[in-house]
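# Architecture at a glance
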Amino acid sequence: MALRDRIRRWQLWRSIFRHPAPVDRRNRVAVVLTNLVLHLHPVAIPQHAVRFHFTWCMGGITFFLFLVETVTGVLLMFYYRPTLEWAYNDMLALRDVVSFGVLREIHRWGAHAMVIAVMLHMLRVFLTGSYKPPREFNWVVGVMLLVLTLLLSFTGYLLPWDQLSIWAVTVGSNMARATPLVGHEGPFQHVLSVDGVDLITSGSDARFVLLGARSVGEEALNRFYVLHCVAIPLVAGFLMALHFWRVRKDGGISGPL
């Protein structure tokens, strides 16, 4: 008996894979439907869905880059300490010493590529009309993922803790002061007041919540680190799973107009 057949008859193998090898159409359908990863994809897809000139493969490339960012980001967390004392020095070590700087550069350039891939994916969806019914909800989910991608870039920009990142985040966070209702310089700010006393001030508005202080400091570094490494990736991962699921439930990738 061939080693391959012996492995497939092994009880451990059969307890993990409930169906035999996909040698015919019936088994292929059963394998796809009962596999954790494969069941996200339909058993059969239309021919246009695998044509590069129609999809540009931007959705798959974006997901691949997210996985690259996740793996390299976890590895970088072993060496990086989000404190005023160590953040900049750890960044220099990651740039010059750890893995000869390759690990950090993969993470940095992967982030740039992910932003570009997400924008190209949105452009492709718009040009092919893939946002139209019944896919309008998935378009909204995609827009939310685009915003989260930009937020990942923004929060990660502060982590090197150099002059460029500190002042860039200072300028970016200043925009939060003009947020409607919750920004102390924004429109309708006086709506939230009691007996003429404003509830939203420079010490309690959207910018203060983002930075944890009135200026960019260790509180902001800590909050951006948690947002960049934990909060935003978890939300993005959930929305991506929802995005993939809705693509399948909406009949797969939309056809040409």
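One can find the structure itself at the top, above this paragraph.
About the thresholds
- Residues numbered from 1 in each chain as written.
- Predicted model: local features only at pLDDT ≥ 70, side-chain atom pairs only at ≥ 80, totals over all residues.
- Heavy atoms only, no water.
- Axes fitted to C-alpha atoms, helices over the stretch in contact; angles between N-to-C directions.
- Helix = DSSP H or I, 4+ residues; strand = E, 2+ residues; numbered from the N terminus.
- Parallel < 35°, antiparallel > 145°, perpendicular 65-115°, else oblique.
- Left-handed = near helix turned anticlockwise from the far one by under 90°.
- Contact = heavy atoms within 4.5 Å.
- Nonpolar A, V, L, I, M, F, W, Y, C, P; charged D, E, K, R; others polar.
- Buried < 20%, exposed > 50% of the residue type's maximum accessible area, 1.4 Å probe, protein only.
- Expected span 1.5 Å × (residues − 1).
- Bend = angle between axes of the 7 residues up to and from the residue.
- 1 Å grid on protein atoms, 1.4 Å probe; cavity = no way out; pocket = protein on both sides within 12 Å on 5 of 7 lines; lining within 4 Å.
- Points joined across faces, edges and corners; volume = space filled by probe spheres on them.
- Core = buried A, V, L, I, M, F, W, Y, C linked by side-chain atoms within 4.5 Å.

## A look at the packing of helix 5 (residues 58-77) against helix 7 (residues 102-127)
Contact geometry for helix 5 and helix 7: axes closest at 9 Å, N-to-C directions at 155°. The pairing of helix 5 with helix 7 is recorded here as roughly antiparallel in orientation. Judged by the sense of rotation from one axis to the other, the crossing of helix 5 with helix 7 is left-handed. Counting all contacts with helix 5, which are made through Met 58, Gly 59, Ile 61, Thr 62, Leu 65, Phe 66, Val 68, Glu 69, Thr 72, Gly 73, Leu 75 and Leu 76, the residues of helix 7 involved are Leu 103, Arg 104, Ile 106, His 107, Gly 110, Ala 111, Ala 113, Met 114, Ala 117, Val 118, Leu 120 and His 121. Residue composition of the contact of helix 5 with helix 7, by class: 15 nonpolar, seven polar and two charged.

## Observations concerning unusual backbone geometry
The omega angle of the peptide bond from Pro 133 to Pro 134 is 10°, so this bond is cis rather than trans. Secondary-structure assignment places Pro 134 in the loop between helix 7 and helix 8 (136-157). Backbone geometry places Trp 56, a non-glycine residue, at a positive phi of 65°. With respect to the helices and strands, the residue Trp 56 is situated in the loop between helix 4 (52-55) and helix 5. The partly exposed category is assigned to Trp 56, whose relative accessible area is 26%. At Ser 99, a position not held by glycine, the phi torsion is positive, near 50°. Mapped onto the fold, Ser 99 is located in the loop between helix 6 (87-96) and helix 7.

## Description of helix 11 (residues 218-249)
For helix 11, spanning 32 residues, the distance from its first C-alpha to its last is 45 Å, which sits close to the expected 46 Å at 1.5 Å a residue. In helix 11, a bend of some 45° at Leu 227 exceeds every other bend along the element. Turning to helix 11, its buried residues are Ala 220, Leu 221, Phe 224, Tyr 225, His 228, Ile 232, Ala 236, Leu 239, Met 240 and His 243.

## A few points about the packing of helix 8 against helix 11
In contact at an axis separation of 9 Å, helix 8 and helix 11 are set at 160° when each is read in the N-to-C sense. Between helix 8 and helix 11, the interaxial angle falls into the category roughly antiparallel. Between helix 8 and helix 11 lies a crossing of left-handed hand. Here the contact of helix 8 with helix 11 is composed, by residue class, of 18 nonpolar, six polar and one charged.

## Concerning the environment of Pro 134
You can call Pro 134 partly exposed: its relative accessible area is 47%. If near-sequence neighbours (up to four positions away) are discounted, Pro 134 is found in contact with Arg 246 and Asp 250.

## Thoughts on the layout of surface pockets
There is about 1,200 Å³ of room inside the largest pocket. If you go around the largest pocket, you meet 47 residues; those closest to its centre are Gly 59, Gly 60, Phe 244, Val 247 and Ile 253. Taken together, the elements giving at least two residues each to the lining of the largest pocket come down to helix 4, helix 5, helix 7, helix 8 and helix 11. Top contributing element to the lining of the largest pocket by residue count: helix 8, with eight residues. Of the residues that constitute the lining of the largest pocket, the class distribution is 28 nonpolar, 14 polar and five charged. Every residue lining the second largest pocket is counted, 31 residues in all, and those nearest its centre are Glu 69, His 107, Gly 156, Leu 159 and His 228. Every element with two or more residues in the lining of the second largest pocket is listed here: helix 5, helix 6, helix 7, helix 8, helix 9 (163-174) and helix 11. Here the residues of the lining of the second largest pocket sort into 18 nonpolar, nine polar and four charged.

## Looking at the nonpolar core
Membership of the largest hydrophobic core comes to 17 residues, with the highest contact counts inside it found for Tyr 80, Leu 158, Trp 161, Val 169, Leu 211, Val 216 and Leu 221. For this core, the element with the highest residue contribution is helix 11, accounting for four residues. Not counting chain neighbours up to four residues away, the residues in contact with Val 216 comprise Leu 158, Trp 161, Ile 166, Val 169, Thr 170 and Leu 211. Membership of the second largest hydrophobic core comes to 16 residues, among which are Met 58, Leu 65, Val 118 and Met 240.

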